[in-house]
Amino acid sequence: MRELEEKILAEGRAVSEDILKVDSFINHQVEPALMKRMGEAFAAHFEGRGITKVVTIESSGITPALMTALALDVPMIIFKKQPSKILNDDLYQTVVTSYTKETSYELTLSKKYISENDHVLIIDDFLANGEAATGVLRLLRKAHATVAGFGVLIEKSFQPGRAKLEEQGIDVYALARIGKMSAGHIEFLPEK
Ligand code: G4P
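Residues numbered from 1 in each chain as written. Predicted model: local features only at pLDDT ≥ 70, side-chain atom pairs only at ≥ 80, totals over all residues. Heavy atoms only, no water.

With respect to the pattern of salt bridges
Taken as a whole and assessed by the stated rule, the structure comprises 13 salt bridges. Between E3 and R37 there is a salt bridge, with its nearest N and O atoms 2.7 Å apart. Taken together, the residues E3 in helix α1 (residues 2-11) and R37 in helix α3 (residues 32-46) connect sequence positions 34 residues apart. According to the relative accessible area criterion, E3 is partly exposed, its value standing at 30%. According to the relative accessible area criterion, R37 is partly exposed, its value standing at 37%. When the shortest N-O distance is used, the salt bridge between E11 and K7 registers 2.8 Å. Remark: K7 and E11 occur in helix α1; sequence separation between them is four residues, near one turn of the helix. You can call K7 buried: its relative accessible area is 15%. Salt bridges linked by common partners bring E155, R162, E166 and R177 together as one network. (Salt bridge = Lys/Arg side-chain N within 4 Å of Asp/Glu carboxyl O. Helix = DSSP H or I, 4+ residues; strand = E, 2+ residues; numbered from the N terminus. Buried < 20%, exposed > 50% of the residue type's maximum accessible area, 1.4 Å probe, protein only.)

Structure below.
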């Protein structure tokens, strides 16, 4: 999406070869009109797949997921990060380790919000190592739901996230794909 690429070039900050700060329009301050157009772009791409729910992981995935759910007119579900396992039969849980942040958490979903009848679109802000998305897939499998696809605002294509998801048969769609970056320099790959 050209508009997102231009915004990244204007306001994003590559703080190293692998971390991009986008605090002024995605991760800290949010630009609602741009977020709305990005949600509409996901909705248009995944239209016609019978999507019944949009899911994401707290916290930065919530705004793009909400805009996508609004455009598709379906509910949005937030997978929560708990510090430790909760003994409760009403929950699905799985451990996710973040390489970027060097932390682990129990990704948690209440059984009542996803069923085997659901066709689920996963939306997130960044695709890096794909660990968070793989955790979401594990929980959706436990719920016997169908995965309609994975949409992400920014894919860091030099990290293994996309390959990890595609190996599992997931259709990945990124609005901006960063092929390479270094302090003060960002290169994009064609959208896919
Ligand atoms: P993954 O998200 O693909 O599994 O990769 P990884 O475990 O390495 O990333 C973990 C967290 O770091 C995620 O946020 C992800 O959005 C964030 N992240 C990864 N790369 C970048 C980057 O270049 N810039 C920014 N700003 N964030 C990045 P999270 O732990 O889920 O937290 P939250 O921010 O959504 O609350």
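From this point, things continue past the structure.
As for the sheet that holds strand β7 (residues 119-127)
Taken together, the eight strands give an open sheet; going across it, the order is β5-β6-β4-β3-β7-β8-β9-β10, and neighbouring strands pair in mixed fashion. Because the sheet does not close on itself, it has two edges, and the strands there are β5 (91-98) and β10 (185-189). When strand polarity is set aside, the average angle formed by the axes of neighbouring strands in this sheet is 30°. Pairing of strand β8 (residues 146-156) with strand β9 (residues 172-182) involves six bridges; the strand directions are parallel. (Pairing = 2+ DSSP bridges. Axes fitted to C-alpha atoms, helices over the stretch in contact; angles between N-to-C directions.)

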